[in-house]
2 protein chains.
Amino acid sequence: MMNNSGALVVFSGGQDSTTCLWWAKSRFSDVRALTFSYGQKHLKEIECARSIAAKAEVGIDVMDVPLIGSLGKNSLTDNTVRMDTEQRGTEPPNTFVPGRNLFFLSIAAVRARELGINHIVTGVSQTDFSGYPDCRDTFIKSLNVTLNLAMDFQFVLHTPLMWLDKAETWELADSLGIFGLVRNETLTCYNGIPGDGCGHCPACRLRREGLEKYLESKRGTLLKP
Amino acid sequence: MMNNSGALVVFSGGQDSTTCLWWAKSRFSDVRALTFSYGQKHLKEIECARSIAAKAEVGIDVMDVPLIGSLGKNSLTDNTVRMDTEQRGTEPPNTFVPGRNLFFLSIAAVRARELGINHIVTGVSQTDFSGYPDCRDTFIKSLNVTLNLAMDFQFVLHTPLMWLDKAETWELADSLGIFGLVRNETLTCYNGIPGDGCGHCPACRLRREGLEKYLESKRGTLLKP
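All of these numbers come straight from a predicted model, not from anything done at the bench.

A. Structural detail: helix α5 (residues 137–151) of chain A. In this model α5 of chain A runs 22 Å from its N-terminal to its C-terminal C-alpha over 15 residues, within 8% of the 21 Å that 1.5 Å per residue would give. By the criterion of burial, α5 of chain A is predominantly enclosed, with 11 of the 15 residues buried. Buried within α5 of chain A are the following residues: Asp137, Phe139, Ile140, Ser142, Leu143, Asn144, Thr146, Leu147, Asn148, Ala150 and Met151 of chain A. In the core, the buried residues of α5 of chain A are packed alongside α4 (100–115) and β5 (156–158) of chain A together with α4 (100–115) and α5 (137–151) of chain B. Downstream of α5 of chain A by a residue or two, aspartate 152 of chain A has a phi angle that is positive, lying close to 50°.

What follows is the structure, given as structure tokens:
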């Protein structure tokens with residue numbers, strides 16, 4: 001039997017998953033958040049996640065999964081690797097943690113099944129996927145089938161941001177009434193600075209460009225007679 | 001570019017994965033074994049795995065993944081759960097560790113990619129699947145696609161035992177020249193006793209019935225003029 005009132009949101013405390021948390025709250029009456037601690041350089045992420053979940057009045061579980069950080073050499077969890085933020089040819093950048101979304105969503109599925117929850121929400125987006133193969137729509141759909149077969153359970157993976165660019169994600173946050181919260185309290189920056197961040201890492205650049213584009217289009221709309 | 005000489009075998013030291021290890025050795029020149037420690041009641045499994053890998057002259061990695069044992073309540077990793085070995089209606093038995101093969105094979109894939117290995121071998125079998133959904137052929141095939149999409153890498157999952165029953169698995173071991181080794185040194189028993197085991201748990205029963213069937217058919221063949 002399907003439980004259509006509950007949803008589990010894979011939640012990092014960043015712009016995207018915070019927007020997804022409120023998106024889920026607008027559609028499901030019983031929302032929970034699941035956050036992973038996997039050896040990120042910036043444990044501040046976990047703090048942010050807890051504080052935002054509290055504001056959303058949503059229960060949050062923080063799971064310790066050091067395994068994921070230890071699996072492949074990457075610059076997000078390994079201080080000996082210098083962050084190489086540009087894509088090189090067809091290779092993903094070295095901020096790619098191999099299989100990260102595969103493990104996050106698989107663990108979320110086991111947890112959801114335990115809680116009797118069928119709906120799982122994740123903030124992945126193919127539009128701004130920066131060369132990470134595990135942000136693509138085909139991967140998510142294939143994984144959805146695999147999870148259902150693995151556990152003989154009807155999971156439904158929701159990806160509200162899949163085809164939105166960053167400007168449209170700002171627009172969605174605004175329409176959900178959390179523009180200010182996302183702007184000031186979420187942590188997206190690779191250098192661990194909340195809100196507008198360091199301003200020069202690729203995550204900050206992407207976020208700021210989207211913000212400027214959204215504010216510009218909003219101004220345009222407001223100016224119309 | 002494909003590496004067709006290397007294979008990584010998901011290896012527990014039991015009858016099935018030991019047979020797979022030699023199967024892999026007969027087909028690939030560069031075989032490695034990967035064993036998981038995830039809070040099994042019987043750490044003797046790991047000892048067995050190491051000793052058999054040494055005899056196979058195959059390198060072995062033992063990875064500690066307590067996460068998997070902690071995910072769902074099950075009787076294999078939780079001493080407070082009494083082992084309920086029969087399938088109840090359409091529910092899998094409580095020896096089912098939710099998502100176990102999903103995590104084992106996903107971790108194996110990340111590891112294989114790091115080692116530049118495309119071929120992964122697992123001993124899952126749909127024939128004797130005892131109600132575990134993650135032993136079915138459709139699950140494995142779906143997972144193969146998911147893994148390839150997740151990491152943009154060409155993995156090939158091999159399941160030499162998928163359609164064999166236990167008697168046929170004994171026959172395969174015999175044809176690979178390891179009948180005695182499998183019979184005396186592998187550990188399949190839920191109660192942690194190597195070789196013929198405790199004799200009364202479901203794993204021992206399945207193993208013995210297969211052995212008797214195989215020996216009988218072999219005797220029949222030998223008696224023919």
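B. Geometry of the relation of the copies chain B and chain A. Rotating chain B by 180° and moving it 0.0 Å along the rotation axis overlays it on chain A with an RMSD of 0.0 Å. These values place the two chain copies in the arrangement generated by a two-fold rotation axis. Here 100% of the contact residues of chain B are again contact residues in chain A; the copies associate through an equivalent surface.

C. Inspection of the environment of threonine 159 of chain A at higher detail. Residues and elements named next belong to chain A. As for its placement among the helices and strands, threonine 159 is situated in the loop between β5 and α6 (166–175). Along the sequence, threonine 159 and threonine 122 sit 37 residues apart, while their C-alpha atoms lie 5.4 Å from each other. Beyond its immediate stretch of four places on either side in the chain, threonine 159 contacts Thr122, Val124 and Ile140.

D. Spatial organisation of the interface of chain B and chain A. The interface is formed by 30 residues belonging to chain B together with 30 residues belonging to chain A. In this structure, the connection of chain B to chain A is made through zero salt bridges. The interface formed by chain B and chain A includes five residue pairs in polar contact (both at pLDDT 80 or more). Counting only elements with at least two residues in the side of chain B that touches chain A, the list comes to α3 (66–71), α4 and α5 of chain B. When its residues are assigned to classes, the side of chain B that touches chain A shows 18 nonpolar, six polar and six charged.

E. How the structure looks around the sheet that holds strand β3 (residues 59–64) of chain A. Residues and elements named next belong to chain A. Across the sheet, five strands lie side by side as β3-β2-β1-β4-β5; this open sheet has parallel pairing. At either margin of the open sheet sits one strand with a lone partner, and together these are β3 and β5. On average, each strand axis in the sheet is inclined to that of its neighbour by 25°, with strand direction left out of account. Both strand β2 (residues 30–37) and β3 contribute to a ladder of six bridges, which runs parallel. Bridge assignment links arginine 32 to a residue of β3, and that residue is glycine 59.

F. Just the confidence of the model for chain A, in detail. Residue and element names in this part refer to chain A. Scored by pLDDT, chain A has a mean of 88; 85% of the residues are at 70 or more. Note on residues 74–79: pLDDT under 50 across the span, and 27 contacts to partners over four residues away in sequence or across chains. Predicted confidence is poor over residues 81–88, with pLDDT under 50, and the contacts of this stretch with residues over four places away or in other chains come to 25 contacts.

G. Representation of the packing of aromatic side chains within the structure. Going through the model one piece at a time under the given rule, you end up with 10 aromatic pairs over all chains. Both rings, one in tyrosine 38 of chain A and one in phenylalanine 104 of chain A, keep their centres 5.3 Å apart while their planes meet at 65°; by these two values the pair is edge-to-face. On the criterion of sequence distance, the pair formed by tyrosine 38 of chain A in the loop between β2 and α2 (44–56) and phenylalanine 104 of chain A in helix α4 is long-range, its members being 66 residues apart. On the basis of an interplanar angle of 55° and a centroid distance of 4.9 Å, the ring pair of phenylalanine 153 of chain B and phenylalanine 155 of chain B is categorised as tilted. Judged by relative accessible area, which is 1%, phenylalanine 155 of chain B ranks as buried. Cation over ring: lysine 218 of chain A sits above phenylalanine 179 of chain A, and NZ or CZ is 5.9 Å from the ring centre.

Reading guide: rules and limits
Residues numbered from 1 in each chain as written. Chains lettered and ligands numbered in written order. Predicted model: local features only at pLDDT ≥ 70, side-chain atom pairs only at ≥ 80, totals over all residues. Heavy atoms only, no water. Helix = DSSP H or I, 4+ residues; strand = E, 2+ residues; numbered from the N terminus. Expected span 1.5 Å × (residues − 1). Buried < 20%, exposed > 50% of the residue type's maximum accessible area, 1.4 Å probe, protein only. Contact = heavy atoms within 4.5 Å. Least-squares fit on C-alpha atoms with pLDDT ≥ 70 in both. Salt bridge = Lys/Arg side-chain N within 4 Å of Asp/Glu carboxyl O. Polar contact = N/O pair within 3.5 Å; in protein donor to acceptor, adjacent residues only side chain to side chain. Nonpolar A, V, L, I, M, F, W, Y, C, P; charged D, E, K, R; others polar. Pairing = 2+ DSSP bridges. Axes fitted to C-alpha atoms, helices over the stretch in contact; angles between N-to-C directions. pLDDT = per-residue confidence, 0-100. Phe/Tyr/Trp six-rings, centres within 6.5 Å; stacked < 30°, edge-to-face > 60°. Lys NZ or Arg CZ within 6 Å of the ring centre and 35° of its normal.

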